[in-house]
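Fold and contact review
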Amino acid sequence: MGEWKKTSCVLCPQNCGLEVEIEDNRIGRVRGDKSNPRSQGYLCVKGASVPFHQHHADRLTHPLKKVDGEFIPIPWEQAIAEISAKIAAIVKEHGPRAYVYMGGGGQGCHFEAGFGTTLMKGLGSRYHYSALAQELTGYFWVCGRMLGSQNRYVIPDEHHAEMILAIGWNGMESHQMPRAPLVLREFASNPEKRLAVIDPRKSETAKIANLHLALRPGTDALLVKAMIAILLKEKREKRDYLGRHCTGFETIEPWFADFDVAAALAVCEVGYDDVHALCRELATRRWCFHPDLGTLMNRHSTLVSYLHMLLAAVCGRLCVAGGNVIPGTVMPIGSHSDERDPKTWRTVSTNFPAIMGTFPPNVLPEEILSGHAERPRAVVVSGSNPLRSYADTKAYEEAFGKLDLLVTMEIAMTETAALSHYVLPARSGYESWDSTFFAWTYPEVFFHMRPPVLAPEGDRLECGQIYTRLARGLGLVPEIPAYLKEAAGKDLFSFTLALLAFMRKNPKAMKAMPFVLAETLGQAADSANRAALWGLLLAMPGATRKNAARAGFPAPPAWNIFTEPGRIAHALGACIRYGSAAPLMALHPNVAQSERLYRHLLEHPEGMWIGRADLEANMIELRTPDKKIHLHIPELEAALKGIDAASERAALTPDSEFPLVLNAGRHSRRVANTLMRDPAWLKG
Ligand SMILES: Nc1nc2c(c(=O)[nH]1)N[C@H]1C(S)=C(S)[C@@H](COP(=O)(O)OP(=O)(O)OC[C@H]3O[C@@H](n4cnc5c(=O)[nH]c(N)nc54)[C@H](O)[C@@H]3O)O[C@H]1N2
Ligand SMILES: Nc1nc2c(c(=O)[nH]1)N[C@H]1C(S)=C(S)[C@@H](COP(=O)(O)OP(=O)(O)OC[C@H]3O[C@@H](n4cnc5c(=O)[nH]c(N)nc54)[C@H](O)[C@@H]3O)O[C@H]1N2
Ligand code: SF4
Ligand SMILES: [Mo]
């Protein structure tokens, strides 16, 4: 009999809580963890199969270097010295644009992204290519324009909704919300609720729906434009909501006025009565919508996202309970990058701007092969497998073959790793402290800092630890004084006092914060990720702090801390010892709040509600200067006006030599992106 430990599944963004039985450093039996407040014991067939992800023949154990076409194991010191010397030489000769970080993929191990982007920025580069930029950035861009910031996107609030509209989303197989099959079945079978699906296929979700519009593939823009036209023609728009919370309605309203709905629906191959019935429901019910890859990775994706947002606004469903809401987060998954700002980087030859701080994998091969003087020459990949995951494998193979340096940090010998000059063995989600930043829920905010449940075999390190060694090798981390290292071995408060003194004396160290934490706190815990969590919680913004207070973790009132003589004496002692007044900042109530959260997270390996958003006041999350939803996006005006039955019929006329439509995706229950490599699991 082994020992049962708590962790989570890392095979899809839900990260359902798991209990795993550990024997001889292997995962044996697996069951859903009922104490995980978000997944409540739910697991699917993949979750039960995590041993296939963790234990298989492709796992890496040692740093590898390619010599004459063969991989040979080398010591860490050699790997770090050689790779950092090569990166430094490439950046010195060709400038920072030559360095690309491709990471933040995977489904449950996202701490590496904090280290990967810090190293990239330390080198002066902004080129972060990520899976997000092949699926979600069109949508994030629309949210940037309408809601004021690309990282203020909306998610469905299914807890308070009567109806879910699933658009190009097959949640019965792909989940994309906690316990999705249970939630979808409840909506479909409860007489008070409704499930409507827009999907060309009779998907597993469409099969159980109350209403299914099986549109012709690729015609979503036309369909949604027709739906908005129907609603406006019948004067079903929510005037009061539009007047109070939106700007630009009078500008967009005429765009739909003379639209030929009947001709459009004929091209979409859906019946008018069915569409009309759906519109009537949208005008009268409390509904939220869940779009997914069926439209996010399809024709006119950005325009379709815009139309979906307009449809929801016309029905008064944005930023209201039971509609689509801006969720609370522990940390935003990207930055707002406005391409109208000349400081926002673009790719050197394809001229594509960053969105949400990320660049699209679809253009990377073209960038590398462009011959441009500042083209990418060094690519560091972690937590993603571009050779298998991103479009045009042949182009990737050719482009990666031309790089001066390709380094892959991986748990397994993937197709991308096999092409690399160096392959660095990463600890898996079960060997490291790690978490996902995709745990979207509302109004609660969930966070799960998973402790390792297995000892890493061989020389495996967390990616955070590897990036820290590279940063040190590249001279991007200041010298750590003995007093800071020593304090890291004591309690968290002593460490924080020393850290504050150190930061005051070395203001530039702020830019290398994750590495400083990894080399101090992270040494004691053998985890860079766990150390970085402390930095994350210390830097929590005000909105996150308010959410935490609502979830039962308020900052203590200041006088309460000042009545703690021990802490005051401790802080004053530190001021004298370090010759700085900075340690006094540790007496701020926010630090005590962060410390409570940190301890709670470490003591709760099942995960916890770390915050609770204010259900009644979602509009305050808007980042537009007037705190209104901006309905008019000038850049999309021509595209929206130009789309009609004739233009789409022409664009969709099949090629007589190849009269087929590619329905990509199909994230079926037998697939977990490229995370399952064991042929034994894929059998059959
Ligand atoms: N089991 C499993 N779950 C997963 C994953 C996995 O690999 N396996 N991967 C995870 C990841 S990273 C993601 S992004 C999600 C993806 O989750 P989903 O987006 O739900 O996945 P897909 O299977 O691509 O589903 C898209 C649906 O869009 C439909 N579709 C195709 N063309 C059109 C169209 O023109 N219009 C409309 N309206 N619909 C269309 C398809 O028929 C399909 O049912 O799944 C996550 N969950
Ligand atoms: N043909 C086709 N292509 C697709 C899709 C599709 O449906 N069909 N879906 C697309 C979508 S939606 C997405 S999101 C992308 C996803 O594509 P990717 O971004 O490549 O993500 P994953 O396949 O989830 O995982 C990538 C790698 O992370 C590694 N990994 C796992 N855990 C760790 C860890 O702790 N550390 C490190 N360093 N590595 C780890 C895994 O071994 C795996 O090789 O694929 C896209 N590509
Ligand atoms: S694959 Fe997704 S839904 Fe299934 S158990 Fe894992 S995290 Fe949960
Ligand atoms: Mo995805």
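Structure's up top.
Overview of the structure.

Reading the values: the criteria
Residues numbered from 1 in each chain as written. Chains lettered and ligands numbered in written order. Predicted model: local features only at pLDDT ≥ 70, side-chain atom pairs only at ≥ 80, totals over all residues. Heavy atoms only, no water. Near = heavy atom within 4 Å. 1 Å grid on protein atoms, 1.4 Å probe; cavity = no way out; pocket = protein on both sides within 12 Å on 5 of 7 lines; lining within 4 Å. Sits in = over half its atoms within 2 Å of the grid points. Nonpolar A, V, L, I, M, F, W, Y, C, P; charged D, E, K, R; others polar. Pairing = 2+ DSSP bridges. Helix = DSSP H or I, 4+ residues; strand = E, 2+ residues; numbered from the N terminus. Contact = heavy atoms within 4.5 Å. Axes fitted to C-alpha atoms, helices over the stretch in contact; angles between N-to-C directions. Buried < 20%, exposed > 50% of the residue type's maximum accessible area, 1.4 Å probe, protein only. Arc of directions from axis to C-beta. Core = buried A, V, L, I, M, F, W, Y, C linked by side-chain atoms within 4.5 Å. Disulfide = S-S within 2.5 Å. Polar contact = N/O pair within 3.5 Å; in protein donor to acceptor, adjacent residues only side chain to side chain. Areas by Shrake-Rupley, 256 points an atom, 1.4 Å probe, with all protein chains shown as cover. Lys, Arg positive; Asp, Glu negative; His and termini not counted. Salt bridge = Lys/Arg side-chain N within 4 Å of Asp/Glu carboxyl O.

**Description of the site of ligand 3**
- Cys 9, Cys 12, Gln 14, Asn 15, Cys 16, Leu 43, Cys 44, Lys 46, Gly 47 and His 175 make up every residue found near ligand 3.
- When atoms are counted within 2 Å of each cavity's grid points, the one that captures over half of ligand 3 is the second largest cavity.
- Across the shell around ligand 3, the residue classes break down as five nonpolar, four polar and one charged.

**Overview of the sheet that holds strand E15 (residues 378-382)**
- In spatial order, the strands read E5-E4-E17-E16-E15-E6-E7; together these seven strands make up an open sheet with mixed pairing. Sheet topology places strand E5 (70-73) and strand E7 (128-129) at the edges, where each strand pairs with a single neighbour.
- Looking at chain direction, strand E6 (residues 99-103) and E7 are connected through two bridges and run parallel. Note on E7: the bridge partner recorded for Tyr 101 is His 128.
- In the packing of helix H2 (residues 76-94) onto the sheet, the strands contacted are strand E4 (64-67), E6, E15, strand E16 (405-410) and strand E17 (422-425), and the crossing angle to E17 comes to about 130°.
- Against the sheet, helix H3 (residues 111-122) touches E6, E7 and E15, its axis set at about 175° to E6.

**Some remarks on helix H6 (residues 180-189)**
- For H6, the set of buried residues is Ala 180, Pro 181, Val 183, Leu 184, Phe 187 and Ala 188. For H6, the angular spread of the buried residues around the axis is 160°, confining them to a single face.
- Looking at the buried residues of H6, the elements they touch are strand E9 (163-167), helix H5 (171-174), strand E10 (194-198) and helix H7 (204-208).

**Section: the nonpolar core**
- Counting residues in each nonpolar core, the largest one holds 170 residues, and the members touching the most others are Tyr 306 and Ile 629.
- Counting residues per element, this core draws most heavily on helix H8 (residues 220-233), at 11 residues.
- Once residues within four sequence positions are removed from consideration, Tyr 306 is found in contact with Val 142, Met 146, Ile 252, Trp 255, Leu 631, His 632, Ile 633, Leu 636 and Leu 640.
- Grouped together as the second largest cluster of nonpolar side chains are 21 residues, Phe 359, Val 363, Tyr 396 and Leu 406 included.

**A word on the state of the cysteines**
- Counting across every chain of the model gives zero disulfides.
- Distance from the sulfur of Cys 319, which forms no disulfide, to the nearest cysteine sulfur (Cys 246) is 8.9 Å.
- Cysteine Cys 463 remains unbridged, with the sulfur of Cys 109 as its closest cysteine sulfur at 8.4 Å.
- On the basis of relative accessibility, which here comes to 12%, the residue Cys 463 falls in the buried class.

**Structural notes on the site of ligand 1**
- Ser 174, Asp 199, Asp 220, His 667 and Val 671 are the nearest of the 32 residues found near ligand 1.
- In this structure, Asp 199 approaches ligand 1 through a side-chain N or O atom, which is 2.6 Å from an oxygen atom.
- Between ligand 1 and Asp 220 there is a distance of 2.6 Å, counted from a nitrogen atom to a side-chain nitrogen or oxygen.
- When ligand 1 sits alone it has 920 Å² of accessible area, and the protein chains cover 96% of it.
- Going through the elements one at a time, H5 and helix H13 (293-296) are the ones with two or more residues in the shell around ligand 1.
- In terms of residues, the shell around ligand 1 owes the most to one element, H13, which gives three residues.

**Things to note about the sheet that holds strand E2 (residues 17-23)**
- Within the open sheet, the three strands sit side by side as E1-E2-E3. Their pairing is antiparallel. Here the strands that pair on one side only, and so sit at the sheet edges, are strand E1 (3-8) and strand E3 (26-32). The mean angle between the axes of side-by-side strands here comes to 35°, regardless of whether they run parallel or antiparallel.
- Relative to E3, E2 is paired through five bridges, and the arrangement is antiparallel. Among the inter-strand pairings, Val 20 is bridged to a residue of E3, identified as Val 30.

**A word on the side chain of Asp 157**
- Assignment of secondary structure puts Asp 157 in the loop between strand E8 (155-156) and E9.
- No salt bridge is formed by the buried Asp 157. Its closest oppositely charged neighbour is Arg 317, at 7.3 Å.
- At 2.9 Å, the side chain of Asp 157 and the side chain of His 160 are in polar contact.
- Among residues more than four places away in sequence, those in contact with Asp 157 are Cys 288, Ala 321, Gly 322, Gly 323, Val 325, Tyr 442 and Leu 615.

**Structural notes on the pattern of salt bridges**
- Inspection of every chain in the model, using the stated rule, returns 32 salt bridges.
- For Arg 239, the salt bridge is made with Glu 237, and the minimal N-O distance between the two is 2.8 Å.
- According to the relative accessible area criterion, Glu 237 is buried, its value standing at 8%.
- It is possible to trace a salt-bridge network through shared partners that takes in Arg 145, Asp 338, Glu 339, Arg 340 and Glu 635.

**So, the side chain of Glu 281**
- Among the structural elements, Glu 281 can be located in helix H12 (residues 272-284).
- Overall, Glu 281 belongs to the buried group, its relative accessible area being 14%.
- Here the side chain of Glu 281 touches Arg 194 through a polar contact of 2.7 Å, side chain to side chain.
- Not counting chain neighbours up to four residues away, the residues in contact with Glu 281 comprise Met 163, Arg 194, Leu 211 and Trp 287.

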